Amino acid sequence: MSFPNVRLRRLRKSEKIRELLEEVRLSPKDLICPVFVQEDLKSRIQVDSMPDIEILPLKDVVSEVNSIADLKIPAIMVFGIPAKKDDKGTSAFDQNGIVQRAISEIRKNLGNKIAIMADVCLCQYTDSGHCGLVKGNTIDNDSSLEVLKKIAISQAQVGVEVVSPSAMMDGQVKAIREGLDDSGFTDVAIMSHSAKHRSNLYSPFRDMAHCAPQFGDRRSYQLPYTNPTEAMREVETDIAEGVDIVMIKPALAYLDLIAKVRSSFNIPISAYSVSGEYSLVKAAAKQGWINETEVTLEILTAIKRAGADMIVTYLSKIAAKTLNG
Ligand SMILES: [Zn+2]
């Protein structure tokens, strides 16, 4: 085989030609920014393990979300930290709950300026800190589905556009879809945490959301990171149950799965770049060992290159500010 005069460097010669040839372009429009709101909080709290991330009191939510929208980020994902926890996670579906009030305020004040997504889970709301209801010493699947359904409906009632179940209960997409449809919310979409792994990269989030399990761990419902075939079955099952967007979580250590889901299914894919991924970047940047903005753009571009259509990330504002110039 003879090689003609191939010189790949010809196309890397000037900045404008390089720009023209970019195959993957990261945009603020690819990003979903998580927002944390805590009940009974008077003023913003800094999160030690996640520098520059703040937990908001309800009164600050609208202005914060407005500033996210001004960065051309199209969506937020709302997480709530309630004042009271109980064994049934009651405050998660309370019409006056912290997430419901936050969604309602955002919708009322910002209209359709930004898409509102919300987490649907129990771990912030149960005294066990588990993502489902506890029966004996197990996490009971089917009774948990009933509560997840109620949470999704309560969020739809105040104007959420996308609910995002993260409990990893079997049948959660089907249960929520049926619940939403029966309540007249056929147009509310479901972005399921389809392949949510039991990852060691969630610990900064748990500091923030006070949702560490009070006994045992989450191995009986979250995916082991050793099992890519099982992850594909989770995605396949969610698609069969009618999910609108699948999610792979975490993102950076799971690029192979994002690529595999991309090549196997015709469905929008989100990737969740989790708290530990954020903290790794911030900690190394603080030491001066890496360039925070450059590494942020590289990581998020890699997640997109692997096949993600959208990325839920704590790095959203850093990336958007840089990309907007
Ligand atoms: Zn959970």
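Quick caveat, the model's predicted, so the values are computed rather than measured. (Residues numbered from 1 in each chain as written. Predicted model: local features only at pLDDT ≥ 70, side-chain atom pairs only at ≥ 80, totals over all residues. Heavy atoms only, no water.)

J.: Is there a simple way to think about the overall build of the protein chain in this case?
T.: A count of helices and strands for the protein chain gives eleven helices and twelve strands. Over its C-alpha atoms the protein chain spans a radius of gyration of 20 Å, differing by no more than 12% from the 20 Å that the globule rule assigns to 325 residues. Along the three orthogonal principal directions, the C-alpha set of the protein chain runs to about 70 × 45 × 40 Å. For the protein chain, buried positions account for 53% of its 325 residues. Of the contacts made within the protein chain by residues no fewer than 6 positions apart, 75% connect residues no fewer than 24 positions apart. Looking at the protein chain as shown, the accessible area adds up to about 15400 Å², and 50% of this sits on carbon and sulfur atoms. (Helix = DSSP H or I, 4+ residues; strand = E, 2+ residues; numbered from the N terminus. Rg over C-alpha atoms; globule rule 2.2 N^0.38 Å. Buried < 20%, exposed > 50% of the residue type's maximum accessible area, 1.4 Å probe, protein only. Contact = heavy atoms within 4.5 Å. Areas by Shrake-Rupley, 256 points an atom, 1.4 Å probe, with all protein chains shown as cover.)

J.: Please clarify how the coordination of the zinc ion should be interpreted in this entry.
T.: Four donors placed tetrahedrally around a metal ideally meet at 109.5 degrees, and six donors placed octahedrally ideally meet at 90 or 180 degrees. Here the zinc ion is held by Cys121 (SG), Cys123 (SG) and Cys131 (SG), and the distances to it run 2.2 to 2.4 Å. Each donor residue of the zinc ion belongs to the same chain, with the gaps between them written as C-x1-C-x7-C. Note that Cys121 is positioned in the loop between strand 5 (115-120) and strand 6 (133-135) and Cys131 in the loop between strand 5 and strand 6, a separation of ten residues in sequence. Given a relative accessible area of 2%, Cys121 falls into the buried group. (Donors = N, O, S within 2.8 Å, 3.2 Å for Na, K, Ca; no water.)

J.: What's the story with the layout of surface pockets in this structure? I'm lost.
T.: Unoccupied space between atoms shows up once a probe the size of one water molecule is rolled over them. There is about 290 Å³ of room inside the largest pocket. Asp52, Ile53, Glu54, Glu64 and Lys317 are, among the 17 residues lining the largest pocket, the residues nearest its centre. Sorting the residues of the lining of the largest pocket by element identifies strand 1 (31-38), strand 3 (54-57), helix 9 (275-286) and helix 11 (316-324) as the ones contributing at least two each. Counting residues per element, the lining of the largest pocket draws most heavily on strand 1, which supplies four residues. Residues belonging to the lining of the largest pocket are distributed by class as follows: nine nonpolar, one polar and seven charged. Looking at the second largest pocket, its volume works out to about 180 Å³. As for the second largest pocket, its lining consists of 14 residues, of which Asp170, Arg233, Glu234, Thr237 and Asp238 are closest to the centre. (1 Å grid on protein atoms, 1.4 Å probe; cavity = no way out; pocket = protein on both sides within 12 Å on 5 of 7 lines; lining within 4 Å. Points joined across faces, edges and corners; volume = space filled by probe spheres on them. Nonpolar A, V, L, I, M, F, W, Y, C, P; charged D, E, K, R; others polar.)

J.: Help me out: how do you make sense of the pairing of strand 12 (residues 310-313) in this one?
T.: Because side chains alternate across strand 12, one face comprises the buried residues Met310 and Val312, and the other comprises Ile311 and Thr313, equally buried. In the sheet, strand 1 pairs with strand 12 via two bridges, with the strands oriented parallel. Among the inter-strand pairings, Leu31 is bridged to a residue of strand 12, identified as Ile311. (Pairing = 2+ DSSP bridges.)

J.: Quick question: what am I supposed to make of empty space enclosed by the protein here?
T.: Summed over all chains, the structure comprises two cavities of 30 Å³ or more. Counted as a void, the largest cavity has a volume near 170 Å³. Forming the walls of the largest cavity are 18 residues, and the residues nearest its centre are Lys196, Tyr202, Phe205, Cys211 and Lys249. Here the residues of the lining of the largest cavity sort into nine nonpolar, four polar and five charged. By volume, the second largest cavity amounts to about 40 Å³. For the second largest cavity, the full set of lining residues is Phe79, Gly80, Ala92, Val99, Asp119, Cys121, Gln124, Tyr125, Ile151 and Gln155. Of all the secondary structure elements, the ones that give two or more residues to the lining of the second largest cavity are strand 4 (75-81) and helix 4 (141-157). When grouped by side-chain class, the residues that make up the lining of the second largest cavity number six nonpolar, three polar and one charged.

J.: Would you explain the nonpolar core in this entry?
T.: Note on soluble globular proteins: their nonpolar side chains tend to be buried together. Leu180 and Met191 are the most contacted members of the largest nonpolar core, which has 111 residues in total. Among the elements that make up this core, the one with the highest residue count is helix 4 (seven residues). (Core = buried A, V, L, I, M, F, W, Y, C linked by side-chain atoms within 4.5 Å.)

J.: Explain the packing of aromatic side chains here, please?
T.: The description of an aromatic ring pair uses the distance of the two centres, along with the angle that the planes make with each other. Under the defined criterion, the tally for this structure stands at six aromatic pairs. Between Phe36 and Tyr314, the aromatic rings sit 6.3 Å apart at their centres with planes inclined by 20°, giving stacked as the arrangement. One end of the pair, Phe36, is in strand 1; the other, Tyr314, is in the loop between strand 12 and helix 11, and 278 residues separate them in sequence. With relative accessibility at 2%, the residue Phe36 sits in the buried group. Look at Tyr314 and you get buried, because its relative accessible area is 6%. Across the ring face of Tyr202, the terminal group of Lys249 is positioned such that the distance to the ring centre comes to 5.5 Å. When the ring centre of Tyr272 is taken as reference, the NZ or CZ atom of Lys249 above it lies at 4.1 Å. (Phe/Tyr/Trp six-rings, centres within 6.5 Å; stacked < 30°, edge-to-face > 60°. Lys NZ or Arg CZ within 6 Å of the ring centre and 35° of its normal.)

Limitation: the analysis is restricted to geometry and does not speak to function.
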